[in-house]
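Observations on the model geometry
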Protein chains: 4
Amino acid sequence: MSMNSFGHLFRVTTWGESHGPALGATVDGCPPGVPVTPEMIQHWLDKRKPGQNKYTTQRREADEVKILSGVFEGVTTGTPIQLMIENTDQRSKDYGDIKDKFRPGHADITYFQKYGIRDYRGGGRSSARETASRVAAGGLAREAMKAMAPGVQITGYMVQMGPHQIDRTAFDWDQIEQNPFWVPDAQAASDWATYLDGLRKSGSSVGAIIEVVARGVPAGIGAPVYGKLDTDLSAAMMSINAVKGVEIGEGMSAAMLTGEANADEIYMGNDGQPRYSSNHAGGILGGISTGQDIVVRFAVKPTSSILTTRKTITKNGEETEIITKGRHDPCVGIRAVPVGEAMMACVILDHLLLHRGQVGENRGIIG
Amino acid sequence: MSMNSFGHLFRVTTWGESHGPALGATVDGCPPGVPVTPEMIQHWLDKRKPGQNKYTTQRREADEVKILSGVFEGVTTGTPIQLMIENTDQRSKDYGDIKDKFRPGHADITYFQKYGIRDYRGGGRSSARETASRVAAGGLAREAMKAMAPGVQITGYMVQMGPHQIDRTAFDWDQIEQNPFWVPDAQAASDWATYLDGLRKSGSSVGAIIEVVARGVPAGIGAPVYGKLDTDLSAAMMSINAVKGVEIGEGMSAAMLTGEANADEIYMGNDGQPRYSSNHAGGILGGISTGQDIVVRFAVKPTSSILTTRKTITKNGEETEIITKGRHDPCVGIRAVPVGEAMMACVILDHLLLHRGQVGENRGIIG
Amino acid sequence: MSMNSFGHLFRVTTWGESHGPALGATVDGCPPGVPVTPEMIQHWLDKRKPGQNKYTTQRREADEVKILSGVFEGVTTGTPIQLMIENTDQRSKDYGDIKDKFRPGHADITYFQKYGIRDYRGGGRSSARETASRVAAGGLAREAMKAMAPGVQITGYMVQMGPHQIDRTAFDWDQIEQNPFWVPDAQAASDWATYLDGLRKSGSSVGAIIEVVARGVPAGIGAPVYGKLDTDLSAAMMSINAVKGVEIGEGMSAAMLTGEANADEIYMGNDGQPRYSSNHAGGILGGISTGQDIVVRFAVKPTSSILTTRKTITKNGEETEIITKGRHDPCVGIRAVPVGEAMMACVILDHLLLHRGQVGENRGIIG
Amino acid sequence: MSMNSFGHLFRVTTWGESHGPALGATVDGCPPGVPVTPEMIQHWLDKRKPGQNKYTTQRREADEVKILSGVFEGVTTGTPIQLMIENTDQRSKDYGDIKDKFRPGHADITYFQKYGIRDYRGGGRSSARETASRVAAGGLAREAMKAMAPGVQITGYMVQMGPHQIDRTAFDWDQIEQNPFWVPDAQAASDWATYLDGLRKSGSSVGAIIEVVARGVPAGIGAPVYGKLDTDLSAAMMSINAVKGVEIGEGMSAAMLTGEANADEIYMGNDGQPRYSSNHAGGILGGISTGQDIVVRFAVKPTSSILTTRKTITKNGEETEIITKGRHDPCVGIRAVPVGEAMMACVILDHLLLHRGQVGENRGIIG
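Residues numbered from 1 in each chain as written. Chains lettered and ligands numbered in written order. Predicted model: local features only at pLDDT ≥ 70, side-chain atom pairs only at ≥ 80, totals over all residues. Heavy atoms only, no water.

1. Notes on the interface of chain A and chain D
To be explicit about the condition: The contact definition used throughout considers only heavy atoms, calling two residues in contact when any of these lie within 4.5 Å. Computed with a 1.4 Å rolling probe, the buried area is the accessible surface lost when two parts are put together, summed over both parts. Criterion for a salt bridge: a side-chain nitrogen of Lys or Arg within 4 Å of a carboxyl oxygen of Asp or Glu. Definition of a polar contact: a pair of N or O atoms within 3.5 Å, with one able to donate and the other able to accept a hydrogen when the atoms are protein atoms, and with sequence-neighbouring residues admitted only if both atoms are side-chain atoms. Strands here are runs of E lasting at least two residues and helices are runs of H or I lasting at least four, both read from the DSSP assignment and numbered beginning at the N terminus. Side-chain classes follow a simple rule in which Ala, Val, Leu, Ile, Met, Phe, Trp, Tyr, Cys and Pro form the nonpolar group, Asp, Glu, Lys and Arg form the charged group, and the remainder, Gly included, forms the polar group.
Every contact between the two is made by 39 residues of chain A and, on the other side, 39 residues of chain D. For the pair chain A and chain D, the summed buried surface comes to about 3,000 Å²; carbon and sulfur atoms form 65% of the total. Here chain A and chain D share zero salt bridges between them. The interface formed by chain A and chain D holds 11 residue pairs in polar contact (both at pLDDT 80 or more) in total. Only strand S2 (11-16), strand S3 (22-28), strand S6 (75-76), strand S7 (81-86) and helix H2 (108-115) of chain A provide two or more residues apiece to the side of chain A that touches chain D. Partitioned by chemical class, the residues of the side of chain A that touches chain D number 17 nonpolar, 14 polar and eight charged.

Structure, rendered in structure tokens:
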């Protein structure tokens with residue numbers, strides 16, 4: 001019942017703060033015999049790492065992962081895997097002048113009210129730095145999934161930054177890795193660069209929408225009615241810092257559809273498996289995967305650390321103003337892409353294990 | 001780790017199918033000493049009950065709740081409370097002709113693939129009938145909350161049906177109970193009636209967006225980072241049948257805001273508590289309540305049971321067509337309103353208990 | 001995190017009181033496709049049923065189980081199974097005279113102190129009647145196990161009643177069902193009958209030790225280090241009313257052994273599986289099954305309801321005396337035998353599912 | 001549902017192996033505002049540390065704890081606390097010659113069968129070294145308890161080593177810290193030294209019984225019926241390496257008592273609280289604390305690492321013999337004393353938090 005854990009059988013507990021000595025993920029329930037090296041995990045951490053271009057925070061963290069337990073002679077043992085990342089560039093002096101002021105739109109006021117603690121060093125536990133632990137755990141989940149469901153491919157990308165949406169007709173998977181925004185649309189990548197550069201220089205920030213797709217997930221994973229695949233995905237994404245909305249398939253727009261428009265018609269594919277005329281469902285019906293692409297979107301609010309003066313109060317209850325200097329992301333949504341992928345990987349692996357546990361393998365074969 | 005349970009300390013497990021002998025909620029962890037009668041629970045079930053007007057399914061269920069345990073001499077004992085609702089109007093013959101065909105957009109295909117079971121009687125466990133159990137549990141949660149946080153008020157209402165949105169400038173709390181749509185806008189109520197009547201007659205269906213607001217929730221409930229209040233609310237709402245998207249506060253639109261626009265500025269209120277210039281956050285920062293209104297929205301897709309012919313397949317893998325006769329809701333979102341309220345009540349009570357358990361009471365007093 | 005639940009994947013939540021309208025078990029996570037009828041469950045309830053002979057309480061309960069959900073057309077659907085037993089012979093008037101007095105050795109004082117509730121009707125939730133729900137769940141677990149591990153056989157029996165132990169050299173499996181004490185020793189059965197008859201007539205009661213053996217459990221189930229098979233068995237048995245001690249294999253006597261005496265030497269069997277010279281381990285090493293018999297013992301204290309006057313106090317804090325009339329068991333340990341079996345069945349099924357979930361099947365083959 | 005976690009609200013997940021780079025405990029749910037320094041934790045680790053006298057393994061570990069998260073400016077923040085202990089004296093070469101042989105009575109065979117992994121380096125995850133993490137978590141629990149229930153005192157001691165029991169009439173609390181066996185009986189300490197010295201020199205080992213007492217625990221903690229205080233204590237103790245039996249109060253001997261002998265009679269104390277004539281119950285009735293001393297005992301089997309030749313098999317299925325050289329404990333029970341204390345501390349704190357969460361404070365006042 002830990003509040004800092006997620007997952008049922010593949011269970012991840014993250015720990016650590018922005019400016020403490022280290023942070024990490026304690027991962028329990030990983031299948032044994034999975035080949036894992038630090039490099040495999042590092043690959044994903046490097047995607048998320050700050051300071052890689054001018055659009056993300058200039059904090060420089062090596063984000064080097066150490067595997068402290070649960071892996072022996074290069075394979076997982078089935079026991080808890082401790083993934084630790086040491087903090088190296090804390091520079092907590094940057095935060096000195098906001099020590100007693102709360103940032104509007106930031107969790108420091110609610111943490112203080114609840115716990116009576118004001119960890120002014122970069123947000124403490126509420127910092128987006130916590131997401132490095134998720135990415136490490138997600139890297140592990142991907143390796144474990146290779147043995148269980150080798151066809152699964154998980155890809156995240158941005159579909160909106162501020163008012164700018166991608167052009168779905170120009171969607172190109174190959175573009176995603178070609179630009180700093182993980183955006184599947186070359187024109188958008190170029191336009192957004194200009195837009196974000198202006199925003200960055202003005203000391204402002206903006207929100208974004210990320211879409212994560214899992215292809216190749218077998219039908220039948222997920223479970224009624226509070227352990228639904230979409231329930232767990234929704235919780236996983238909403239738990240990421242700054243996320244304010246989550247959508248599966250058609251998402252909020254499902255409200256506008258009629259039953260006729262929404263129903264994905266069913267045919268038989270040449271492979272003897274059901275195929276569908278469309279995917280309004282986002283690959284999930286009744287909380288259980290259909291075999292279609294799992295499609296999840298989430299919205300990330302703009303970071304609250306901006307250079308414009310805002311009204312706020314101090315710990316002592318005095319009204320004042322605040323400007324947040326420091327090294328921040330003009331669009332924190334960019335770095336949320338690998339985080340969303342990691343959460344998707346963890347949730348899908350967890351449900352693969354749960355399904356194997358309760359059911360073994362699918363019991364209903366069509367045809 | 002039950003897949004049919006939610007909540008941490010106030011833990012609800014629902015059971016039962018659409019056409020079995022009964023369904024219900026097993027509620028564990030309710031505080032002792034809470035005055036509860038069946039009538040208090042029944043009040044909320046009656047709100048959700050089908051067949052109350054022409055806009056909801058004509059299935060007639062008494063939906064009478066029985067308290068089988070955990071209440072003695074009119075108060076809760078602190079032990080599990082079994083809330084049972086017997087099914088009285090199953091009429092499973094209505095479903096006979098779709099026994100072997102899967103409904104596009106419905107969970108019967110995924111349930112079959114996973115479990116090998118085809119409970120054709122009204123969707124079995126995937127039926128929206130399951131939500132009666134949630135409403136019963138929510139009614140109990142409301143009673144328990146009265147002692148712990150008497151100021152909390154939870155209200156749900158529709159804000160969109162198909163393409164039609166409410167006029168926020170005409171928002172009127174008093175309208176909500178005055179129309180069959182729980183809509184806080186008299187004009188919308190009238191317009192929607194005409195719209196839905198046409199839809200119903202044509203045998204079609206449509207989606208909707210429901211908003212649930214909790215007023216009077218104290219600051220400080222919720223917990224980092226996977227037990228966040230918004231994480232749990234998101235999971236709670238997404239677990240409701242047919243929900244495809246969940247938003248907190250600004251929701252998906254947060255993507256379009258700049259940091260300046262999004263930040264709710266902070267002042268000191270006359271009561272010595274922080275107050276905010278706006279509520280883009282939806283009452284939650286870093287997963288912890290701010291003391292502002294908690295605002296959650298969710299989108300419900302249109303029911304898949306429609307009178308228009310759709311392409312589908314049979315259990316045997318033959319392509320065919322389907323029309324779903326029977327007694328269905330043209331806008332299942334209407335009856336989702338009390339369900340969303342119930343989930344909000346359960347989640348907030350649970351977090352009040354969790355907060356009391358770990359922290360006792362808020363440790364950081366501002367001013 | 002429910003306090004009234006046990007199990008990880010096969011998760012049982014019991015509810016109900018001694019003298020409420022009904023009690024039962026909500027079982028989640030049962031594999032789908034298991035053939036189950038009420039009669040299969042009833043078989044085990046009948047073993048535990050009170051009033052079958054003069055050595056158990058004369059309360060007459062039909063203990064008829066109803067399956068309210070989760071079974072369709074005779075097989076489990078994979079969704080929650082509600083097993084309900086209605087109380088028919090409550091006779092709460094028997095308890096009237098002890099309404100305000102606490103029974104020494106009984107939970108009514110601690111329940112009152114904690115919850116402020118005095119459910120004087122037969123102990124309420126603390127009554128041994130709750131164990132009927134466990135037996136029902138255990139019956140279900142046995143059926144589910146038949147498909148997963150058909151060789152498993154679970155048998156409980158008494159090995160001690162008061163000062164009288166069985167003669168291990170006379171151990172006879174066939175005797176167990178031949179006498180009212182489930183004792184595998186014909187001479188003991190006869191001696192104990194005389195002993196207990198005397199005790200019953202004098203209005204006294206006595207404790208007992210029950211041993212439960214699971215034969216045919218495959219090697220490899222259980223998991224380090226807090227989900228060990230013996231950890232879960234220990235919790236399962238200790239949770240039974242009146243249990244004060246639990247032993248695995250050698251149990252408390254392991255303290256007296258040297259390393260040489262304790263080590264079960266290992267050989268290769270003709271079937272290519274390891275075999276052991278002895279079973280001091282009780283079939284579990286490091287929390288994981290060895291393939292040998294799983295052997296668990298637990299001690300049940302004497303019931304606190306006796307006809308001898310004892311000193312006690314009232315709710316008002318007045319010192320007084322108490323005699324507990326009513327219909328009680330002179331040796332409540334007798335009826336604990338099927339309860340212990342049921343708990344063993346649930347725990348083993350749960351760990352079979354967990355093992356399948358995390359590992360699939362054993363990865364280390366010897367030889 | 002992690003298999004390497006225990007506790008409900010105060011939740012401890014341990015990780016790490018005997019010979020990996022480090023091991024530790026991830027502790028979630030600790031109340032905020034608890035003053036904690038590494039020294040406070042170190043105090044308890046030093047009690048358990050190996051190599052302190054000739055009766056424990058000569059492995060030399062500094063067992064220095066580092067607090068990597070969850071403590072800021074000397075107090076707990078309410079977020080996860082990572083307690084890490086680096087391994088410094090692994091000397092895995094000692095284990096080289098048993099690389100492919102299974103030790104009779106040791107978990108290496110079952111780990112191998114289950115996971116297909118043979119971590120020959122000192123038992124890997126099944127090593128008693130894991131208990132250092134528990135002791136660290138227990139130290140933290142003790143600090144947190146000071147604020148919630150300042151009167152609680154937890155003390156463990158040995159009551160039996162091999163065939164030698166303490167003389168209860170000579171029980172002296174002050175002796176416990178005066179000898180290497182934590183034995184409350186000066187004569188026993190002297191006798192056992194001679195006995196164990198002989199055993200050590202012969203390369204043998206022996207079992208032991210440890211008793212842990214918690215004094216000053218308020219009435220009312222614990223919960224029916226699977227979250228009982230004794231259920232959780234039983235699981236906590238049984239999860240310790242080499243434990244084969246657990247007793248509460250009278251324990252297995254409860255079987256021999258009559259109802260008259262077992263019932264602890266109740267009086268009113270001068271302080272207006274109930275007092276009892278005796279404590280057969282071990283401070284727990286119906287799973288809830290009575291306010292008397294909580295008394296738990298557990299038996300530890302002799303370590304399987306002995307210098308006498310035993311029959312065993314290899315990974316390849318060949319029959320062979322084994323002698324376990326290396327640095328082992330002749331009576332591993334000695335070092336189990338602080339481990340048992342730590343588990344008691346964690347369980348009691350957890351139940352104090354749970355009680356506060358669900359009930360607030362005791363609702364039933366006697367008198």
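2. Quick word on the pattern of salt bridges
Residue and element names in this part refer to chain D. Let me state the cut-off plainly: For each residue, the accessible area found with a 1.4 Å probe, counting protein chains only, is set against the maximum for its type, and the residue is called buried under 20%, exposed over 50%, and partly exposed in between.
Within the structure shown, the criterion is met by 68 salt bridges over all chains. Here Glu 247 and Arg 297 are joined by a salt bridge, their closest N and O atoms 2.9 Å apart. With Glu 247 in strand S11 (residues 243-248) and Arg 297 in strand S16 (residues 294-300), this residue pair connects regions lying 50 residues apart in the sequence. Judged on exposure class, the residue Glu 247 and its partner Arg 297 are both buried.

3. Details of the pairing of strand S17 (residues 310-313) of chain A
All names here are of chain A. In plain terms, the rule: When DSSP locates at least two bridges between a pair of strands, those strands are taken to pair.
Judged from the four bridges that link them, S17 and strand S18 (residues 319-322) form a sheet pairing that is antiparallel. Bridging across to S18, Thr 312 finds its partner in Thr 320. Hairpin connection of S17 to S18: five residues between the antiparallel strands, including Gly 317 at a positive phi of 85 degrees.

4. Digging into the UniProt feature "binding site: FMN" (unreviewed entry) in chain A
Applied cut-off: UniProt positions are given in the numbering used here, feature names are shortened, and annotations may be inferred rather than shown by experiment.
According to UniProt, the positions carrying the feature "binding site: FMN" (unreviewed entry) are Arg125(A), Ser126(A), Ser127(A), Asn241(A), Ala242(A), Gly286(A), Lys301(A), Pro302(A), Thr303(A), Ser304(A), Ser305(A) and Arg327(A). For Gly286(A), the location among the structural elements is in the loop between strand S14 (284-285) and strand S15 (288-289). Sequence-distant contacts of Gly286(A), that is, excluding residues within four places in its chain, are made with Lys228(A), Ala107(B) and Tyr111(B). Among the structural elements, Lys301(A) can be located in the loop between strand S16 (294-300) and S17. Dropping the residues within four chain positions of it, Lys301(A) is found in contact with Gly105(A), Gly207(A), Ala242(A), Lys244(A), Val332(A), Ala254(B), Asn262(B) and Leu285(B). At a separation of 3.0 Å, a polar atom in the side chain of Lys301(A) contacts the main-chain carbonyl oxygen of Gly105(A).

5. Considering the UniProt feature "binding site: NADP(+)" (unreviewed entry) in chain A
Residue and element names in this part refer to chain A. UniProt records the feature "binding site: NADP(+)" (unreviewed entry) at Arg 48 and Lys 54, using the numbering of this structure. Relative to the helices and strands, Arg 48 resides in helix H1 (residues 38-48). Note on Arg 48: relative accessible area 1%, which makes it buried. Ignoring sequence-local partners within four residues, the contact set of Arg 48 consists of Asp 63, Ala 128, Arg 129, Thr 131, Ala 132, Val 135, Arg 335, Pro 338 and Val 339. Not counting chain neighbours up to four residues away, the residues in contact with Lys 54 comprise Asp 197 and Arg 200.

6. Focus: the relation of the copies chain A and chain B
Quick reminder of the rule: When the copies are superposed, the least-squares fit takes in the C-alpha atoms of residues with a pLDDT of at least 70 in both.
Between chain A and chain B, which share one sequence, the superposing operator has a rotation angle of 180 degrees and an axial displacement of 0.0 Å; the RMSD is 0.0 Å. Given the turn and translation reported, the copies of this chain are related as if by a two-fold rotation axis. Counting the interface residues of chain A, we find that 100% of their copies in chain B are interface residues as well, pointing to one common contact surface.

7. Quick notes on the relation of the copies chain A and chain D
Least-squares fitting of chain A to chain D yields an RMSD of 0.0 Å, with the superposition described by an axial translation of 0.0 Å and a rotation of 180 degrees. A share of 100% of the interface residues of chain A reappears at the interface of chain D, consistent with the copies meeting face to face through the same patch.

8. Notes on the sheet that holds strand S11 (residues 243-248) of chain A
Rule in force here: What counts as an axis is a line fitted to C-alpha atoms, over the stretch in contact for a helix, and the angles between N-to-C directions run from 0 to 180 degrees.
Read across the open sheet, the 10 strands follow the order S9(A)-S8(A)-S10(A)-S16(A)-S11(A)-S11(B)-S16(B)-S10(B)-S8(B)-S9(B); overall the sheet is antiparallel. A single partner strand is all that each edge strand has here, and the edge strands are strand S9 (164-165) of chain A together with strand S9 (164-165) of chain B. Pairing of strand S10 (residues 208-215) of chain B with strand S16 (residues 294-300) of chain B involves seven bridges; the strand directions are antiparallel. When the sheet's bridge partners are listed, Val213(B) is paired in S16(B) with Val295(B). Here helix H5 (residues 229-238) of chain A sits on the sheet and contacts S11 and S16 of chain A together with strand S11 (243-248) of chain B; the angle it forms with S11(A), its principal contact strand, is near 155 degrees. Those strands touched by helix H5 (residues 229-238) of chain B are S11 of chain A together with S11 and S16 of chain B, and its axis lies near 155 degrees from that of S11(B).

9. A few points about the interface of chain A and chain B
With 115 residues of chain A at the interface, the matching set in chain B holds 116 residues. Summed over both partners, the interface of chain A with chain B buries about 9,200 Å², with 61% contributed by carbon and sulfur atoms. Broken down residue by residue, the surface that chain A buries against chain B is led by Lys114(A), Tyr226(A) and Lys244(A), which jointly contribute 10%. Between Glu265(B) and Arg310(A) there is a salt bridge, with the nearest N and O atoms lying 3.7 Å from each other. Counting across the interface, chain A meets chain B through 64 residue pairs in polar contact (both at pLDDT 80 or more). With seven residues, H2(A) is the largest single contributor of residues to the side of chain A that touches chain B. Taken together, the residues of the side of chain A that touches chain B break down into 53 nonpolar, 43 polar and 19 charged.

10. A closer look at the packing of helix H5 (residues 229-238) of chain D against helix H7 (residues 333-358) of chain D
Axis angle and axis distance: for two packed helices, these are the angle between their axes and the distance between the axes, and together they describe the pair. Residues and elements named next belong to chain D. For the record, the criterion: If you view the pair so one helix is near and one far, a crossing is left-handed when the near helix is turned anticlockwise from the far one by less than a right angle, and right-handed when it is turned clockwise.
It is the contact of H5 with H7, at a shortest axis distance of 10 Å, that shows an interaxial angle of 150 degrees. Crossing of H5 against H7: the hand is right-handed. Two secondary-structure elements touch here, H5 through Leu 229, Asp 232, Leu 233, Ala 236 and Met 237 and H7 through Gly 340, Met 343, Met 344, Val 347 and His 351.

11. Examining the sheet that holds strand S3 (residues 22-28) of chain C
Residues and elements named next belong to chain C. Read from one edge to the other, the open sheet built from five strands follows the order S1-S2-S3-S7-S4, with strand pairing classed as antiparallel. Only two strands of the sheet have a single partner each, and these edge strands are strand S1 (5-6) and strand S4 (65-67). As judged from the two bridges shared by S1 and strand S2 (residues 11-16), these two strands associate in the antiparallel manner. Directly across from Phe 6, in S2, lies its bridge partner Val 12. Helix H1 (residues 38-48) contacts S4 and strand S7 (81-86) of the sheet and is inclined by roughly 150 degrees relative to S4. Its contacts with the sheet place helix H3 (residues 131-148) against S2, S3 and S7, and it is angled at close to 35 degrees to S3.

12. Some details on the environment of Met40(C)
All names here are of chain C. Relative to the elements of secondary structure, Met 40 occurs in helix H1. C-alpha of Met 40 to C-alpha of Lys 66: the two residues are 26 residues apart in sequence and 11 Å apart in space. What Met 40 contacts, discounting residues up to four positions off in sequence, is Pro 35 and Glu 143.

13. Regarding unusual backbone geometry
A negative phi angle is the norm for most residues apart from glycine, just as the trans form is the norm for most peptide bonds. The omega torsion of the bond from Pro224(A) to Val225(A) falls at -20 degrees, within 30 degrees of zero and hence cis. Of note, the phi angle at Asp63(C) is positive, near 50 degrees, even though the residue is not glycine. Relative to the elements of secondary structure, Asp63(C) occurs in the loop between H1 and S4. The phi dihedral of Glu73(C) is positive, around 50 degrees, even though this residue is not glycine. Relative to the helices and strands, Glu73(C) resides in the loop between strand S5 (71-72) and strand S6 (75-76). With relative accessibility at 59%, the residue Glu73(C) sits in the exposed group.

14. A look at the state of the cysteines
Residue and element names in this part refer to chain C. Using the following cut-off: Disulfides are defined as cysteine sulfur pairs within 2.5 Å.
Inspection of the entire model under this criterion finds zero disulfides over all chains. Unpaired in terms of disulfides, Cys 346 finds its nearest cysteine sulfur in Cys 30, a separation of 10.0 Å. Taking the relative accessible area as the measure of exposure, Cys 346 reaches 2% and is therefore buried.

15. Remarks on helix H2 (residues 108-115) of chain C
Counting buried residues in H2(C) gives eight out of eight residues, a clear majority hidden from the surface. Along H2(C), the residues that are buried comprise Asp108(C), Ile109(C), Thr110(C), Tyr111(C), Phe112(C), Gln113(C), Lys114(C) and Tyr115(C). Summarising the contacts, the buried residues of H2(C) are in contact with strand S17 (310-313) of chain C together with strand S12 (266-268), strand S13 (274-276), strand S14 (284-285), strand S15 (288-289) and H7 of chain D. Looking at the residues trailing H2(C), positive phi occurs at Gly116(C), about 75 degrees.

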